[in-house]
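The residues making up each chain are set out below.
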There are 2 protein chains.
Amino acid sequence: MEAFSKNQLERYPLYLKYFKELKAAGDDSVSSPKIAAKLGYSEEQVRKDLQAISTEPGLPKKGRNLQNLIDDLETFLGYKDVTSAVIVGVGHLGAALMNFPAFKEMGLEILCGFDNDPLKQGKLPNGKEVFPIEKLPNLLNRLNAHIVIIAVPSNAAQEVANLAIDSGAKALWNFAPIHLETPSNIVIENVNLASSLAVLSHRLNQQIAEEEK
Amino acid sequence: MEAFSKNQLERYPLYLKYFKELKAAGDDSVSSPKIAAKLGYSEEQVRKDLQAISTEPGLPKKGRNLQNLIDDLETFLGYKDVTSAVIVGVGHLGAALMNFPAFKEMGLEILCGFDNDPLKQGKLPNGKEVFPIEKLPNLLNRLNAHIVIIAVPSNAAQEVANLAIDSGAKALWNFAPIHLETPSNIVIENVNLASSLAVLSHRLNQQIAEEEK
């Protein structure tokens, strides 16, 4: 399998979103320069990115066929298959993730949640159930879910990660702002709001300093 | 001001979190090799990162003083000041962000929300108010909030960004999975769950293919 960089993988959902917008607006094809201008990438990068996932070459005059691009991207991103996940931690963030409608489009199905708080256990309005965390090992196995989404507070995250891995999880999607230690065969991807905010705040302060000069 | 890369800025909150854990466990100092091993960075990177924000040099035998590091990081990250923000879009994700307790520690205060849905307007249980979106220009100005958090669906995000910028926002924290077009003096930082999931899914598929070999 070709090696894709993290940055490259992160771009594909943005291409897909844009191509769906163009298609909805009635377009049939799109050229690399147009894509590059809209998304702020270089033309060369766009061509390389699309070549890596597309079965059909772009034509110099006509551009690339939009429907084919959409199909290729959805296949590549796994949106046409269903990947099962469970979530641990059903606080505000966990509940938001369990209710996030766009995940379904992306082929991600969050089957159920786990939380130690008895007040959060039981059926949610969306019909999904929240179980006590002791049930994770048994249910993860039975549901054949590979992905465990970690949405517990930082101080519980490593313990939850260990339990998930012992229970057979192959991938962790970690929303706790902490570095988790995991074996090398476990896939881990972090969504760290503290890191994102650090970038935003620093650039904002620079911008304000610039304006005050 | 020294130029910090995005990756470097993203690491600082993870250092801070770790140093606070060590401090809470009773430690007074920490060495670069220990930090590097824990967070999975190289020793050289750790030394460079800390040198860039710390006023005090590390001592070869004693390591760096933890409390000084914590103070320096909190100052650098702006956790000791309060930065005001407002949020547009109070669906599941927006409500989760408005209730996220960790933002307060990070110096971010989300003052109020805006949503077009009358059912979402009014006072939230946490005492914060959700206003109709028409009030954004007036309130953003009056509250002196520089950051607008965008948590609306993709198809409304560009329009909300335009309104926020016209109303005087200096920075946008965008949670909609779409590329926003903004003038160069506006700071923009994206939290894109679709991109994060693309990385996770691709690596999971690679891992599964590896195991089936």
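Residues numbered from 1 in each chain as written. Chains lettered and ligands numbered in written order. Predicted model: local features only at pLDDT ≥ 70, side-chain atom pairs only at ≥ 80, totals over all residues. Heavy atoms only, no water.

All names here are of chain B. The seven strands are arranged E5-E6-E4-E3-E7-E8-E9 in an open sheet whose pairing can be described as mixed. Of all the strands in the sheet, the pair left with one neighbour each is strand E5 (122-123) and strand E9 (187-190). Here strand E8 (residues 171-174) runs beside E9; their pairing, made up of four bridges, is parallel. What sits directly across from Trp173, in E9, is Glu189. Here helix H8 (residues 154-166) sits on the sheet in contact with strand E3 (83-88), strand E7 (147-150) and E8, set at roughly 170 degrees to E7. (Pairing = 2+ DSSP bridges. Helix = DSSP H or I, 4+ residues; strand = E, 2+ residues; numbered from the N terminus. Contact = heavy atoms within 4.5 Å. Axes fitted to C-alpha atoms, helices over the stretch in contact; angles between N-to-C directions.)

To continue, consider the domain arrangement of chain A. Here the domain parsing of chain A yields domain 1 (6-77) and domain 2 (83-195). Spacing between the C-alpha centres of domain 1 of chain A and domain 2 of chain A amounts to 32 Å. (Domains from an automatic or database assignment.)

Tallying each qualifying case throughout the model produces 22 aromatic pairs over all chains. Their ring planes at 45 degrees and their centres at 6.0 Å tell us that Tyr12(B) and Tyr15(B) sit as a pair that is tilted. Of the two residues, Tyr12(B) and Tyr15(B) are both situated in helix H1 (residues 6-24); the distance of three residues between them amounts to about one turn of the helix. With a relative accessible area of 0%, Tyr12(B) lands in the buried category. Members of the aromatic cluster, each reached through a chain of ring pairs, are Phe4(A), Tyr12(A), Tyr15(A), Tyr18(A), Phe19(A), Tyr41(A) and Phe76(A). The ring of Tyr41(A) carries Arg11(A) above its face, with NZ or CZ at 5.6 Å from the centroid. (Phe/Tyr/Trp six-rings, centres within 6.5 Å; stacked < 30°, edge-to-face > 60°. Buried < 20%, exposed > 50% of the residue type's maximum accessible area, 1.4 Å probe, protein only. Lys NZ or Arg CZ within 6 Å of the ring centre and 35° of its normal.)

A separate point is the packing of H1(B) against helix H3 (residues 43-53) of chain B. Between two packed helices, what matters for the description is the angle formed by their axes and the separation of those axes. Residue and element names in this part refer to chain B. With their axes 11 Å apart at the nearest point, H1 and H3 run at an angle of 90 degrees to one another. If you check the angle between H1 and H3, you find them roughly perpendicular. For the pair H1 and H3, the contacting residues are Gln8, Arg11, Tyr12, Tyr15 and Phe19 in the first and Gln45, Val46, Asp49, Leu50, Ala52 and Ile53 in the second. For the contact of H1 with H3, the residue count by class is seven nonpolar, two polar and two charged. (Parallel < 35°, antiparallel > 145°, perpendicular 65-115°, else oblique. Nonpolar A, V, L, I, M, F, W, Y, C, P; charged D, E, K, R; others polar.)

Turning to the interface of chain A and chain B, a few remarks are in order. Taken together, the contact pairs 60 residues of chain A with 61 residues of chain B. Taking both partners together, chain A and chain B bury about 5,600 Å²; carbon and sulfur atoms supply 72% of that area. Between the two partners, chain A and chain B, sit 16 residue pairs in polar contact (both at pLDDT 80 or more). Counting only elements with at least two residues in the side of chain A that touches chain B, the list comes to helix H1 (6-24), helix H2 (32-39), helix H5 (92-98), strand E8 (171-174), strand E9 (187-190) and helix H9 (193-212) of chain A. The element contributing the most residues to the side of chain A that touches chain B is H9(A), with 16 residues. Residues of the side of chain A that touches chain B, tallied by class, amount to 33 nonpolar, 16 polar and 11 charged. (Buried area = accessible area lost by both parts, 1.4 Å probe. Polar contact = N/O pair within 3.5 Å; in protein donor to acceptor, adjacent residues only side chain to side chain.)

Time to look at the sheet that holds strand E7 (residues 147-150) of chain A. Strands belonging to one sheet form pairs held by backbone hydrogen bonds; the direction of such a pair is parallel or antiparallel. Strand order across the open sheet formed by seven strands is E5-E6-E4-E3-E7-E8-E9 (chain A), with mixed pairing between neighbours. Across the chains shown, the open sheet's two edge strands, defined by having one partner strand only, are strand E5 (122-123) and E9 of chain A. Note that E5(A) and strand E6 (residues 129-131) of chain A share two bridges and pair antiparallel. The partner of Gly122(A) across the bridge, within E6(A), is Val130(A). The strands touched by helix H9 (residues 193-212) of chain B are strand E3 (83-88), strand E4 (108-114), E7, E8 and E9 of chain A; relative to E9(A), the strand with the most contacts, the crossing angle is about 170 degrees.

Glancing now at the pairing of E3(B). All names here are of chain B. Counted residue by residue, E3 has five buried out of six residues, so it is predominantly covered. Looking at chain direction, E3 and strand E4 (residues 108-114) are connected through six bridges and run parallel. Considered in E4, the bridge of Val88 is made with Phe114. Here four bridges tie E3 to E7, and the two strands are oriented parallel to one another. Looking across to E7, one finds that Val88 is bridged to Ile150.

Residues and elements named next belong to chain B. Of the two faces of E8, the one carrying Ala171 and Trp173 and the one carrying Leu172 and Asn174 are both buried. For E7 and E8, the ladder comprises four bridges, and the chain directions are parallel. Within E8, the residue paired with Ile147 across the bridge is Ala171. Taking the sense of rotation as the criterion, the β-α-β connection linking E7, H8 and E8 turns out right-handed. (Right-handed = clockwise from strand over helix to strand, strands pointing away.)

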